[in-house]
Amino acid sequence: MPVHDAPAQHPILESKTLQKTPIYDLVEETFQFGEAEETLTRAFLMHLSAVAVVAVDEQDRVLLIRQYRHPLRQNMWEVPAGLLDTEGESMLDAAARELHEEADISAETWHTLADFTTTPGASNEAIRIYLAEGISETPEADQHEREGEEAEIVKTWVPLAEAVQAVLAGQIHNPSAVTGILALHALRTGAGELRDARAPWPDHPRGINP
């Protein structure tokens, strides 16, 4: 049997929004499932989705940023990332914007590193992780003025091997960072191939242009 995620359609009997927020809506849907046409009701978050960036310098160091995450009450080490919240913006353009806004850098070369869904049992959030290389610093006059939790972002460049060890030791928990770091390590050790930066994602929940 081919190992490949694929769309599955089940008749929606009822759909209602329980709560709306700027980032996601809490939705409840009732649908028919299986040959027995069992009726099921599930609540989930209808999310904007996001992009993330594993930026790597000439020394094969990965850029990590430390940011406060209130739901967990933790300062977490992550890779630059952000919501797909700008109308008409492609995923690649959003990734480049987030790299500029959160890390004050830009990249010359882009590839698709990995695609994943964060919590498929509770949300339709989908994230594309990019590999960004050919790094250059943004001049101070052009740097983005960060607000809120982003105002206290701390940046550091970590050798890939150390980043991998931090993941495996349970020191890094952010899903984009964990997925991106291990995906890059897999590539560096000969497993798999990079995809084009605008590789299609036909089943993306929001159908946004890569």
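All values reported here derive from a predicted model rather than from experimental measurement.

J.: Honestly, the environment of Gly134 in this entry has me stumped. Any pointers?
T.: Secondary-structure assignment places Gly134 in strand β9 (residues 126-137). Counting along the chain gives 26 residues from Gly134 to Glu108, while the straight-line C-alpha distance between them is 4.8 Å. Contact partners of Gly134, with chain neighbours within four places excluded, come to Val56, Ser106, Ala107 and Glu108.

J.: Looking at this structure, how should I read the environment of Ala122?
T.: Looking at the secondary structure, you find Ala122 in the loop between β8 (105-117) and β9. Separated by 68 residues in the primary sequence, Ala122 and Val54 have C-alpha atoms spaced 26 Å apart. Beyond its immediate chain neighbours, meaning those up to four positions away, Ala122 contacts Phe44 and Leu45.

J.: What exactly am I supposed to notice about unusual backbone geometry here?
T.: Glycine aside, residues mostly have negative phi angles, and peptide bonds mostly take the trans form. A positive phi is found at Ser49, a non-glycine position, where the angle reads about 75°. Mapping Ser49 onto the fold places it in the loop between β3 (38-47) and β4 (50-55). Positive phi values are uncommon outside glycine, yet Asp104 reaches one of about 60°. Within the fold, Asp104 resides in the loop between α1 (91-103) and β8. Taking the relative accessible area as the measure of exposure, Asp104 reaches 4% and is therefore buried.

J.: Which parts of the structure should I look at to understand the nonpolar core?
T.: Counting residues in each nonpolar core, the largest one holds 24 residues, and the members touching the most others are Val54, Ile181 and Leu184. With 5 residues, the single largest contributor to this core is helix α2 (residues 160-168). Dropping the residues within four chain positions of it, Val54 is found in contact with Val62, Val79, Leu113, Ile129, Tyr130, Leu131, Ala132, Gly180 and Leu184. Membership of the second largest hydrophobic core comes to 20 residues, among which are Ala94, Trp110, Ala197 and Ile208.

J.: Explanation requested: the pattern of salt bridges in the structure shown.
T.: Oppositely charged side chains may form a pair once their charged atoms are brought near each other. For the structure shown, the criterion picks out 15 salt bridges. Here Asp60 makes a salt bridge to Arg188, at a shortest N to O gap of 2.9 Å. Taken together, the residues Asp60 in the loop between β4 and β5 (61-69) and Arg188 in helix α3 (residues 175-188) connect sequence positions 128 residues apart. Residues Asp93 and Arg198 are paired through a salt bridge, measuring 3.8 Å at the closest nitrogen-oxygen approach. Linking Asp93 in helix α1 with Arg198 in the segment after β11 (195-196), this pair joins segments that are 105 residues apart in sequence. With relative accessibility at 41%, the residue Asp93 sits in the partly exposed group. Among the charged side chains, a salt-bridge network with shared partners connects Asp85, Glu89, Arg97, Glu98 and Glu101.

J.: Help me understand α2, please; the structure alone is not making it clear to me.
T.: Turn by turn, an α-helix covers 3.6 residues, leaving residues three or four places apart pointing in a common direction. Residues Leu160, Ala163, Val164, Ala166 and Val167 constitute the buried set of α2. All buried residues of α2 fall inside an arc of 160° around its axis, so they share one side. Exposed side of α2, more than 90 degrees from the buried face: Ala161, Glu162 and Leu168 are the residues found there. Its buried side turned inward, α2 meets β5, β10 (154-159) and α3.

J.: Looking at this model, I keep getting lost on the side chain of His204. Mind explaining?
T.: Secondary-structure assignment places His204 in the segment after β11. His204 gets classed as buried once you look at its relative accessible area, which sits at 5%.

Cut-offs used in this document
- Residues numbered from 1 in each chain as written.
- Predicted model: local features only at pLDDT ≥ 70, side-chain atom pairs only at ≥ 80, totals over all residues.
- Heavy atoms only, no water.
- Helix = DSSP H or I, 4+ residues; strand = E, 2+ residues; numbered from the N terminus.
- Contact = heavy atoms within 4.5 Å.
- Buried < 20%, exposed > 50% of the residue type's maximum accessible area, 1.4 Å probe, protein only.
- Core = buried A, V, L, I, M, F, W, Y, C linked by side-chain atoms within 4.5 Å.
- Salt bridge = Lys/Arg side-chain N within 4 Å of Asp/Glu carboxyl O.
- Arc of directions from axis to C-beta.

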